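# Structural overview
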Amino acid sequence: MPKPGEFYQRDRMWHPPALTRDYKTSVARSPQYALLSLDNTVSEITGPVFGHNDIDPIDNDLILNYAQSGEMPIGERIIVHGRVLDENARPVPNTLVEIWQANAGGRYRHRKDTYLAPIDPNFGGCGRTLTDADGYYHFRTIKPGAYPWRNWRNDWRPAHVHFSVFGSGFAQRLITQMYFEGDPLIARCPIANTIPGPAALEQLIAPLDHKATVPFDSIAYKFDIVLRGRRSTLFENRPEGN
Amino acid sequence: MAQPLDYLRETPSQTAGPYVHIGLAPGAAGFDIYREELGWDIAGPNAAGERIRVEGLVIDGTGSPVKDVLLEAWQANAAGIYAHPEHAGEVEQGFRGWGRVITDFDTGEWAFDTIKPGPVTDFNGGVMAPHINLWIVARGINLGLHTRLYFGDEAEANAADPVIRSIEWENRRETLVAHRSERDAGAVYRFDIRLQGEGETVFFDI
Ligand SMILES: [Fe+3]
């Protein structure tokens, strides 16, 4: 069995470090010892496979997937779409993308969310889809509102959509958040600012995509996601026995 | 100036936050939306091997249980085969080898039912002791943590495992070992994960 290509080393200077003091919850939840570097084995190169039997077509439409019949959630109607690629700029096909978010008022449908903004009876706040053969995905949803959270005394999260993506191997597993172009709360957010540099943070900010809007229906934002790429296996000069 | 390299950069991670359940386990958030949630059935009904339960806590640097964690498990079947096209071999119908579990909001306890995986032959021909790969996300965790669960009743295989042996600090190897007990319902392995401080679990950069 020839060894498939390993994933490129994760650039941990590009990701947020574990300990980020301005995001207080990380202080007691960040490992102190160095991570142990592990060459990819079959356990990291493989990962779960999903198919169209696992989900329903309506799952990617957050405007309809929890609405009572004939009704719709309140808020700005948006399309969020893009591609899942790897670091070699190759599409990642048939991979599961899951999202969750607050409603237009900034309230989550979650038993632990006690913010005073109201629950929207027609909005669940989650969706899922598989990328197509070219790595494309799309969701239709409501633009989420900003919300306050307990960190410093008066912190507000910028509007954001949480994303979970799989890829082809367990080493690619990623959870992140998408922000919206032009939001002044991004620069003030201790979670957004766990990311070490402005270039990396920009990668999480979806631009308005006017070409993808649906006239008199929905505005659009484009959010491409990049997962770790893999080495090609053209040459393997490993000494015998390694 | 040289030609620019045209690699893309990996999308940076952000915490899963306190409301991860809405997206990945909406039933736990308090509502029913999907035909079926993913990840609750790891092994399926047809898998060979011993049926086991795995349970534990995730504990923070103050010694408190973390009550808003989501864990994902990835494992081979009893024959050591992953349900993935790049791993040669067949798995039983319905065996996915992947699971998702959240903690109890009040106690922080988590548990999942599966089958005990077999030893896994790696691409280079080396053999790894039976193990379950775990990925941990939560509020306050900026980038998901990877670790492995090994089985306490596999001492000989564990001692030969290339990953365990690569842990330079021998006293920390024990943090990857789950301990077996027998209950009326069957075998249970206990695996507490310590995020920080005394007895900190070994986490991997994979
Ligand atoms: Fe959020």
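Predicted model only: the values in this text are computed from it and were never measured. (Residues numbered from 1 in each chain as written. Chains lettered and ligands numbered in written order. Predicted model: local features only at pLDDT ≥ 70, side-chain atom pairs only at ≥ 80, totals over all residues. Heavy atoms only, no water.)

Counting its secondary structure elements, chain B contains 4 helices and 13 strands. Whereas a compact globule of 206 residues would reach a radius of gyration of roughly 17 Å, chain B reaches 18 Å, a difference of no more than 12%. Taking the principal axes of its C-alpha atoms as reference, chain B extends roughly 55 × 50 × 40 Å. Counting over 206 residues, chain B shows a buried share of 59%. If you take every contact in chain B between residues at least 6 apart in sequence, the share linking residues at least 24 apart comes to 66%. Considering chain B, the positive charge centre built from 17 side chains and the negative charge centre built from 32 side chains are found 1 Å apart. (Helix = DSSP H or I, 4+ residues; strand = E, 2+ residues; numbered from the N terminus. Rg over C-alpha atoms; globule rule 2.2 N^0.38 Å. Buried < 20%, exposed > 50% of the residue type's maximum accessible area, 1.4 Å probe, protein only. Contact = heavy atoms within 4.5 Å. Lys, Arg positive; Asp, Glu negative; His and termini not counted. Charge placed at Lys NZ, Arg CZ, Asp CG, Glu CD.)

Let us now look at the UniProt feature "domain: Intradiol ring-cleavage dioxygenases" (unreviewed entry) in chain B. When the UniProt feature table is mapped onto this chain, "domain: Intradiol ring-cleavage dioxygenases" (unreviewed entry) is found at residues 46-197 of chain B. Split by type, residues 46-197 of chain B is 7% helix and 39% strand. Its first and last C-alpha atoms lie 41 Å apart. (UniProt positions renumbered as here; feature names shortened; annotations may be inferred.)

In this section: the side chain of S43 of chain A. Tracing the sequence through the fold places S43 of chain A in helix α1 (residues 42-45). Engagement of the side chain of S43 of chain A in a polar contact is seen with the side chain of H131 of chain B, the distance being 2.8 Å. When residues no more than four places from it in sequence are discounted, the contact partners of S43 of chain A are F170 of chain A together with W74, Y82, M128, H131, N133 and R148 of chain B. (Polar contact = N/O pair within 3.5 Å; in protein donor to acceptor, adjacent residues only side chain to side chain.)

Our next topic: the coordination of the iron ion. Residues and elements named next belong to chain A. For the iron ion, the full set of protein donor atoms is Y108 (OH), Y147 (OH), H160 (NE2) and H162 (NE2), and the range of their distances to it is 1.9 to 2.2 Å. Coordination geometry of the iron ion: the 4 donor atoms subtend angles of 89 to 163° at the metal centre, consistent with an arrangement described as irregular. Each donor residue of the iron ion lies on the same chain, and together they follow the pattern Y-x38-Y-x12-H-x1-H. With Y108 in the loop between β3 (96-100) and β4 (126-130) and Y147 in strand β6 (residues 147-149), this residue pair connects regions lying 39 residues apart in the sequence. Across this residue pair, the class does not change: Y108 and Y147 are buried. (Donors = N, O, S within 2.8 Å, 3.2 Å for Na, K, Ca; no water. Tetrahedral: all angles 85-135°; square planar, octahedral: opposite > 155°, others 65-115°.)

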